[in-house]
Amino acid sequence: MNPTLLEILPLAHKGYCCSQILVLLALAAQGRENPDLVRAAMGLCHGMGGSGGACGILTGSCLALGLYIGKGREDEMPFEQGDALVADFVDWFTERVKDDYGDITCAAILNDGKPDPSRCGGLMADAWNHILELLVSYGIDPAEGRE
């Protein structure tokens, strides 16, 4: 079984949604906890508030990437290539799901069904692995976070 999936499934069984799981993976990679951020990521669950809109794997991944590249304080500068990095992820995700599901919405991926860890788990694992690859390709150590 995919080692990333072995990290994801216990979190899904604990009741976290896709967007929250991706944030939890990013925080864990950095050796950090941030319950407020994980709680806030709930707003992206199931296509943003359960609406079936943009997939939580996509939006949660963008949020997780923001942990590495975004500006968090007045004295910080965002990562100069941050927009390009996120755009690379969005392009990858769109290409990855459009052929199989027709669209990047939660409703399309789940065929208007309920969230399904077995269906989404592989996609989420692929997304997390791609996040790690992108970070490294842009010269960012996934274990290093911004405080």
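Before reading further, recall that the structure is shown in the block above.
Read on for a plain summary of the structure. (Residues numbered from 1 in each chain as written. Predicted model: local features only at pLDDT ≥ 70, side-chain atom pairs only at ≥ 80, totals over all residues. Heavy atoms only, no water.)

## Let's talk about the overall build of the protein
- The number of helices and strands found in the protein is seven helices and zero strands.
- Ordered by position from N to C terminus, the α and β elements of the protein give α-α-α-α-α-α-α.
- Since a compact globule built from 147 residues should have a radius of gyration of about 15 Å, the 14 Å found for the protein is in line with a globular shape.
- Across its three principal axes, the protein shows a C-alpha extent of roughly 45 × 30 × 30 Å.
- A total of 147 residues make up the protein; the buried ones form 43% of that total.
- When contacts within the protein are restricted to residue pairs at least 6 apart in sequence, those whose partners lie at least 24 apart make up 68%. (Helix = DSSP H or I, 4+ residues; strand = E, 2+ residues; numbered from the N terminus. Rg over C-alpha atoms; globule rule 2.2 N^0.38 Å. Buried < 20%, exposed > 50% of the residue type's maximum accessible area, 1.4 Å probe, protein only. Contact = heavy atoms within 4.5 Å.)

## So, the pattern of salt bridges
- The tally for this structure, following the rule as stated, stands at four salt bridges.
- A salt bridge links Asp-36 to Arg-39; the nearest nitrogen and oxygen atoms lie 2.8 Å apart. Taken together, the residues span about one helical turn, with Asp-36 and Arg-39 both in helix 3 (residues 35-41) at a distance of three residues. As far as the burial class goes, Asp-36 and Arg-39 line up, both exposed.
- Where Asp-100 meets Arg-96, a salt bridge forms, and the shortest distance between an N and an O atom there is 3.6 Å. (Salt bridge = Lys/Arg side-chain N within 4 Å of Asp/Glu carboxyl O.)

## A short note on the environment of Ala-125
- Mapping Ala-125 onto the fold places it in helix 7 (residues 117-137).
- Considered as a pair, Ala-125 and Gly-56 are 69 residues apart in the sequence and their alpha carbons are 13 Å apart.

## Points about helix 2 (residues 18-29)
- Between the first and last C-alpha of helix 2 there are 17 Å, a value that for twelve residues agrees with the 16 Å anticipated at 1.5 Å per step.
- Burial analysis of helix 2 places ten of its twelve residues in the buried class, the great majority of the element.
- Listed in full, the buried residues belonging to helix 2 are Cys-18, Ser-19, Gln-20, Ile-21, Leu-22, Val-23, Leu-24, Leu-25, Ala-26 and Leu-27.
- Backbone geometry just after helix 2 places Gly-31 at a positive phi near 70°. (Expected span 1.5 Å × (residues − 1).)

## A closer look at the side chain of Ser-19
- Turning to its location among the elements, Ser-19 is positioned in helix 2.
- Classification of Ser-19 by relative accessible area gives buried; the value is 0%.
- Of note is the side chain of Ser-19, whose polar atom sits 2.9 Å from the backbone oxygen of Ala-41.
- Other than its neighbours up to four places away in sequence, Ser-19 contacts Ala-41, Leu-44, Cys-45, Gly-56 and Gly-60. (Polar contact = N/O pair within 3.5 Å; in protein donor to acceptor, adjacent residues only side chain to side chain.)

## Details of a negative patch on the surface
- Together, Asp-88, Asp-91, Glu-95 and Asp-99 give the surface a local cluster of negative charge.
- Along the chain, the position of Asp-88 falls in helix 5 (residues 82-101). (Patch = residues over 30% accessible without salt bridge, like charges linked within 9 Å, V, L, I, M, F, W, Y side chains within 5 Å. Areas by Shrake-Rupley, 256 points an atom, 1.4 Å probe, with all protein chains shown as cover. Lys, Arg positive; Asp, Glu negative; His and termini not counted. Charge placed at Lys NZ, Arg CZ, Asp CG, Glu CD.)

## Structural notes on helix 5
- Counted at 1.5 Å a residue, the expected span for helix 5 with its 20 residues is 28 Å, and the 28 Å between its end C-alpha atoms agrees.
- Burial in helix 5 covers these residues: Gly-82, Leu-85, Phe-89, Phe-93 and Val-97. Buried residues of helix 5, seen end-on, are gathered within an arc of 75° and therefore sit on one face of the element. Facing away from the buried side of helix 5 by more than 90 degrees, the exposed set consists of Asp-83, Asp-91, Glu-95 and Asp-99.
- Gly-102 occupies a position one or two residues after helix 5 and carries a positive phi of about 90°. (Arc of directions from axis to C-beta.)

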